[in-house]
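Breakdown of the fold
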Amino acid sequence: MLKVINPIDTIDQIINNKCSISRFGDGELTHIMCVNNSKFIGSGKQQLNKRMVEKYHEILNYNNSTNPEFIVGISSYITENDYTKEATDYSKKFYNNLKKNKIYSLLQNKNLYCAEITRLYELTDTYRNYVKDKFINFFNDINNNFVIITSKKSYKIIINNEYDKLFKNNIEFIETPLYNAFNNYDEIKAKCCKISKNKILLLSVGPTATCLAFDLFKEGYHAIDFGHFWDLLKKI
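We now turn to the structure provided with this report. (Residues numbered from 1 in each chain as written. Predicted model: local features only at pLDDT ≥ 70, side-chain atom pairs only at ≥ 80, totals over all residues. Heavy atoms only, no water.)

1. Points about the overall build of the protein chain
Each helix and strand in the protein chain was counted, giving 10 helices and 10 strands. In summary, the protein chain has a C-alpha radius of gyration of 17 Å against a globular reference of 18 Å for 236 residues, a match within 12%. For the protein chain, the C-alpha atoms occupy an extent of roughly 45 × 40 × 35 Å along the three principal directions. Relative to its full complement of 236 residues, the protein chain shows a buried share of 51%. Counting contacts in the protein chain only where the partners sit at least 6 residues apart, residues at least 24 apart contribute 75% of the total. Carbon and sulfur atoms make up 44% of the accessible area of the protein chain, which amounts to about 11,400 Å² in all. Looking at charge distribution, the protein chain has the averaged site of its 32 positive side-chain charges lying 4 Å from that of its 26 negative ones. (Helix = DSSP H or I, 4+ residues; strand = E, 2+ residues; numbered from the N terminus. Rg over C-alpha atoms; globule rule 2.2 N^0.38 Å. Buried < 20%, exposed > 50% of the residue type's maximum accessible area, 1.4 Å probe, protein only. Contact = heavy atoms within 4.5 Å. Areas by Shrake-Rupley, 256 points an atom, 1.4 Å probe, with all protein chains shown as cover. Lys, Arg positive; Asp, Glu negative; His and termini not counted. Charge placed at Lys NZ, Arg CZ, Asp CG, Glu CD.)

Okay, here's the thing in structure tokens:
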């Protein structure tokens, strides 16, 4: 059984304790489970890349008990600790397939946090309202300066919906490819590493963000794998 820590404790860890987070959803886990399947070409706008999958294994094998400033999130809807509104036939089927894969035993030994903190519309009301208010206060804190690493499409969503006004301070952007961002991984990471370490990095780069948040954490950054937060904010 996979035990996932609830969304409230997850967001508190990220904000109160300045933890970085890498998130694993069905897309990232599918890349791991299907890495040797010749018929699998990729998911989440990312072609299968074995180097990326190797990094996923590195993250999941990382002992965060020795450095609690990094946590791993997993989609609770594909586990037995579901904090979302309702389980679907897809999530039940995915979870059953996950239990048959060797990665499952590794996940069982991890402290797993809730990846849905960036998919607010999926959370039950109590969790959603708490996480949303926590994020807004986080953005609106004058002491926090943010850099958003994302594609031009997501950047336009942020500007067109005036989500940039959620932030007290001006935000910076680093543009990434919309498709197959991991193919440019070293270049993206190098750009990020030029940023001052007193800035908070919000990563919306598909499956690449999972790897990037971990590597940037190791470089001394507070890096948050932010998923589809901006695309989905208008749904709540």
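2. As for the packing of helix α2 (residues 26–33) against helix α3 (residues 50–60)
Axis angle and axis distance: for two packed helices, these are the angle between their axes and the distance between the axes, and together they describe the pair. Running from N to C, α2 and α3 point in directions that differ by 110 degrees, and their axes come no closer than 9 Å. What the angle tells us is that α2 and α3 run roughly perpendicular. Where α2 approaches α3, its residues Glu 28, His 31 and Ile 32 are matched on the opposing element by Met 52, Val 53, Tyr 56, His 57 and Leu 60. Across the contact of α2 with α3, the residue classes tally to five nonpolar, two polar and one charged. (Axes fitted to C-alpha atoms, helices over the stretch in contact; angles between N-to-C directions. Parallel < 35°, antiparallel > 145°, perpendicular 65-115°, else oblique. Nonpolar A, V, L, I, M, F, W, Y, C, P; charged D, E, K, R; others polar.)

3. Some thoughts on a positive patch on the surface
Residues Lys 45, Lys 153, Lys 234 and Lys 235 make up a contiguous surface patch of positive charge. Residue Lys 45 is classed as partly exposed on the basis of its relative accessible area of 40%. (Patch = residues over 30% accessible without salt bridge, like charges linked within 9 Å, V, L, I, M, F, W, Y side chains within 5 Å. Salt bridge = Lys/Arg side-chain N within 4 Å of Asp/Glu carboxyl O.)

4. Quick word on the nonpolar core
Ranked by size, the top nonpolar core spans 74 residues in total, and within it Phe 135, Phe 139, Ile 149, Leu 202, Leu 203 and Trp 230 carry the most contacts. The element contributing the most residues to this core is helix α9 (residues 207–218), with seven residues. (Core = buried A, V, L, I, M, F, W, Y, C linked by side-chain atoms within 4.5 Å.)

5. A word on the pattern of salt bridges
Counted by the stated rule, this structure contains 11 salt bridges. For Arg 51, the salt bridge is made with Asp 186, and the minimal N-O distance between the two is 2.9 Å. Of this pair, Arg 51 sits in helix α3 while Asp 186 sits in helix α8 (residues 185–192), placing them 135 residues apart in sequence. Classification of Arg 51 as partly exposed rests on a relative accessible area of 36%.

6. Let's talk about the pairing of strand β8 (residues 172–176)
Pairing of strand β7 (residues 146–151) with β8, which is carried by five bridges, proceeds in the parallel orientation. Residue pairing in the sheet places Ser 151 in a bridge with Thr 176 of β8. Crossover β7 to β8 through helix α7 (residues 152–160) is right-handed. (Pairing = 2+ DSSP bridges. Right-handed = clockwise from strand over helix to strand, strands pointing away.)

7. Quick look at unusual backbone geometry
A positive phi is found at Glu 162, a non-glycine position, where the angle reads about 60 degrees. In this fold, Glu 162 is placed in the loop between α7 and β8. For Glu 162, a relative accessible area of 45% gives the class partly exposed.

8. A closer look at the side chain of Thr 118
With respect to the helices and strands, Thr 118 occurs in the loop between β6 (112–114) and α6 (125–139). Sequence-distant contacts of Thr 118, defined by excluding residues within four places in its chain, comprise Arg 23, Asp 225, Phe 226, Gly 227, His 228 and Phe 229.

9. Topic: the packing of α8 against α9
Taken N-terminus to C-terminus, the directions of α8 and α9 make an angle of 45 degrees; their axes are 11 Å apart at the nearest point. Classed by the angle they form, the pair α8 and α9 counts as oblique. Viewed along their axes, α8 and α9 form a crossing whose handedness is right-handed. Contact with α8, carried on its side by Tyr 185, Ile 188, Lys 189 and Cys 192, involves Thr 208, Cys 211, Leu 212, Asp 215 and Leu 216 of α9 and no other residues of that element. Tallied by class, residues from the contact of α8 with α9 come to six nonpolar, one polar and two charged. (Left-handed = near helix turned anticlockwise from the far one by under 90°.)

By themselves, these figures tell us nothing about what the structure is for.
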